[in-house]
Amino acid sequence: MAALAVEAEDFSTGVYLLLGLNKLSEGVVLGTPKVLSALSLILGRVVRNNEKIMETTKMMDTITIFHAVRAPSLSIQQYMNRIFKYASCSPSCFVIAYIYIDRFLERADVHLTSLNVHRLLITSVMIAAKFIDDLFYNNAYYAKVGGVSTAEMNKMEINFLFSLHFRLQVTERTFKHYCLQLAEEGTK
């Protein structure tokens, strides 16, 4: 039984290393973690699929506080790199943010599109950083990083938290499951 525990731990460590979730001493992370590109590929694919389905079925999406008037000029990857660079949050925040977005989309009558993916990202990363990181910035700072007003950031945070019923806890098993999804995406 102990051998299985070691193998599982080795597996997790390998996945975490692949995604860039392991930190070096004193909290320094080398380069841009792979988790950002893996997550941007997954979110980009979901956005494209949703928009294709919505276009072919002429289905209209529910407009929420997370919907922009037009899609931002930054790609999902560029936006996540910006958040990572300026928000100084841990790479694990992006895994947690992905989990939160999944939970949000399950509960809300909303589809992930190019009009809302950026705002959902900045909101979910900010909430994840507040929940799991020791140090984080205030909403006004995240608003600047995300390209929205502070008032919008505050409203998005409240809306997001109520949609999740303030259930922010993520089990180790769920975290590992999402890491595995991201690692598989990163190795394609």
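Preceding this section is the structure that the text describes.
Residues numbered from 1 in each chain as written. Predicted model: local features only at pLDDT ≥ 70, side-chain atom pairs only at ≥ 80, totals over all residues. Heavy atoms only, no water.

### Structural notes on the packing of helix H2 (residues 34-57) against helix H4 (residues 92-107)
So, point 1. Close contact between H2 and H4 brings their axes to 9 Å; oriented N to C, the two are set at 20°. The angle between H2 and H4 places the two elements in the roughly parallel class. Between H2 and H4 the crossing geometry is left-handed. Packed against H2, whose contacting residues are Val35, Leu36, Leu39 and Ile42, the element H4 presents Phe94, Val95 and Tyr98 at the interface.
So, point 2. Looking at side-chain class alone, the contact of H2 with H4 contains 7 nonpolar, no polar and no charged residues. (Axes fitted to C-alpha atoms, helices over the stretch in contact; angles between N-to-C directions. Helix = DSSP H or I, 4+ residues; strand = E, 2+ residues; numbered from the N terminus. Parallel < 35°, antiparallel > 145°, perpendicular 65-115°, else oblique. Left-handed = near helix turned anticlockwise from the far one by under 90°. Contact = heavy atoms within 4.5 Å. Nonpolar A, V, L, I, M, F, W, Y, C, P; charged D, E, K, R; others polar.)

### Focus on unusual backbone geometry
So, point 1. Backbone geometry places serine 88, a non-glycine residue, at a positive phi of 55°.
So, point 2. Tracing the backbone shows serine 88 in the loop between helix H3 (76-87) and H4.

### Focus on H2
So, point 1. Its 24 residues place the ends of H2 35 Å apart at the C-alpha level, agreeing with the 34 Å of an ideal helix rising 1.5 Å per residue.
So, point 2. By the burial criterion, the buried members of H2 are Val35, Leu36, Ala38, Leu39, Ser40, Ile42, Leu43, Gly44, Val47, Asn50 and Met54.
So, point 3. Positive phi shows up at lysine 58, right after H2, with a value of about 60°. (Expected span 1.5 Å × (residues − 1). Buried < 20%, exposed > 50% of the residue type's maximum accessible area, 1.4 Å probe, protein only.)

### Section: the packing of H3 against helix H5 (residues 117-132)
So, point 1. At a minimum axis distance of 11 Å, the contact between H3 and H5 shows a crossing angle of 25°. In terms of axis orientation, H3 runs roughly parallel to H5. Crossing of H3 over H5 shows right-handed handedness. Every residue of H5 that contacts H3 at Ile76, Tyr79, Met80 and Ile83 is listed here: Val117, His118, Leu121, Ile122 and Val125.
So, point 2. Looking at side-chain class alone, the contact of H3 with H5 contains 8 nonpolar, 1 polar and no charged residues.

### Topic: H4
So, point 1. If you check H4, its first and last C-alpha atoms are 23 Å apart, about what 16 residues at 1.5 Å a residue would give, namely 22 Å.
So, point 2. Burial analysis of H4 places 12 of its 16 residues in the buried class, which makes it a mostly covered element.

### Here's the deal with a nonpolar patch on the surface
So, point 1. A contiguous nonpolar patch, built from Ile158, Phe162 and Phe166 and spanning about 320 Å² of accessible area, is present on the exposed surface.
So, point 2. Tracing the sequence through the fold places isoleucine 158 in helix H7 (residues 150-163). (Patch = residues over 30% accessible without salt bridge, like charges linked within 9 Å, V, L, I, M, F, W, Y side chains within 5 Å. Areas by Shrake-Rupley, 256 points an atom, 1.4 Å probe, with all protein chains shown as cover. Salt bridge = Lys/Arg side-chain N within 4 Å of Asp/Glu carboxyl O.)

### As for the pattern of salt bridges
So, point 1. Under the defined criterion, the tally for this structure stands at 4 salt bridges.
So, point 2. Between glutamate 185 and arginine 45 there is a salt bridge, with its nearest N and O atoms 2.4 Å apart. In this pair, glutamate 185 is assigned in helix H8 (residues 172-186) and arginine 45 in helix H2, connecting sequence segments 140 residues apart.
So, point 3. Judged by its relative accessible area of 6%, glutamate 185 is buried.
So, point 4. Given a relative accessible area of 33%, arginine 45 falls into the partly exposed group.
So, point 5. Residue lysine 130 is joined to glutamate 157 by a salt bridge in which the shortest nitrogen-to-oxygen separation is 2.8 Å.

### Considering the nonpolar core
So, point 1. In this structure, Phe94, Val95, Tyr100 and Leu182 are the most contacted members of the largest nonpolar core, which totals 57 residues.
So, point 2. At the level of elements, helix H1 (2-19), H2, H3, H4, H5, helix H6 (139-146), H7 and H8 are the ones that each hand at least two residues to this core.
So, point 3. Sorting elements by how many residues they give to this core places H4 first, with 10 residues.
So, point 4. Sequence-distant contacts of leucine 182, that is, excluding residues within four places in its chain, are made with Leu19, Val35, Ala38, Leu39, Ile42, Val95 and Tyr98. (Core = buried A, V, L, I, M, F, W, Y, C linked by side-chain atoms within 4.5 Å.)

Any functional reading would require information that these geometric values do not contain.
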